[in-house]
Amino acid sequence: DVVDAFSVHGACGLWGVIAVGFLGDPEAGGNGIFYQGNQLGTQVFAVFIIILWTSFFCSLVLVPLKLGGLLRLSDDFQDKGADVMEHSPSKAYGQGHEKK
């Protein structure tokens, strides 16, 4: 995962869902374990449903792309790097374009 999307959105998001089961304050509408509540089971079940939902819909998009050969860059792109081939860092960072 090049941009750490899973660690930021996946892991931290799942922790946020589970944390409500521990820390849910009744004054704020929660029912967490630390407040003698029983919301943790509901939150863990929600995490399970979120994982199923995400896996299913990602598969609907990513499996056809993989089967069609559209999911990865070509070997040439991977060898040279997408920055050089696609994003043109010399133009983006002003290299080679000094004022005279």
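Report follows, based on the coordinates.

Attention now moves to the side chain of glutamine 43. Here glutamine 43 lies in helix H2 (residues 40-67). A polar side-chain atom of glutamine 43 sits 2.7 Å from the main-chain carbonyl oxygen of valine 17. When neighbours within four sequence positions are excluded, glutamine 43 is seen to be in contact with Val17, Ile18, Val20 and Gly21.

This brings us to H2. Owing to its 3.6 residues per turn, the α-helix brings residues three or four apart onto one side. Helix length check: H2 (28 residues) gives 40 Å between terminal C-alpha atoms against 40 Å at 1.5 Å per residue, within 8%. At serine 59, H2 is bent by approximately 35°, the largest bend along its length. Positive backbone phi, at 70°, marks glycine 69, one or two positions downstream of H2.

What counts and how
- One numbering rule holds for all chains: residues counted from 1, following each sequence as written.
- Per-residue local features are limited, in this predicted model, to residues with pLDDT of at least 70; the limit for side-chain atom pairs, both in listing and counting, is 80 or more; totals at the level of whole chains, interfaces and linings are taken over all residues.
- Side-chain measures here rest on the full set of heavy atoms in the structure, leaving out hydrogens and waters.
- Numbering of helices and strands runs from the N terminus; a helix is a DSSP stretch of H or I covering at least four residues, while a strand is a stretch of E covering at least two.
- In protein, a polar contact means a hydrogen-donor-capable atom and an acceptor-capable atom, both N or O and within 3.5 Å, with residues adjacent in sequence counting only if both atoms are side-chain atoms; elsewhere, any N or O pair within 3.5 Å suffices.
- Should any heavy atoms of two residues lie within 4.5 Å, those residues are considered in contact.
- To estimate how far a helix should reach, multiply one less than its number of residues by 1.5 Å.
- We define the bend at any residue as the angle between the axes fitted to the seven residues before and including it, ending there, and the seven starting there.

Coordinates in, geometry out; function isn't part of it.
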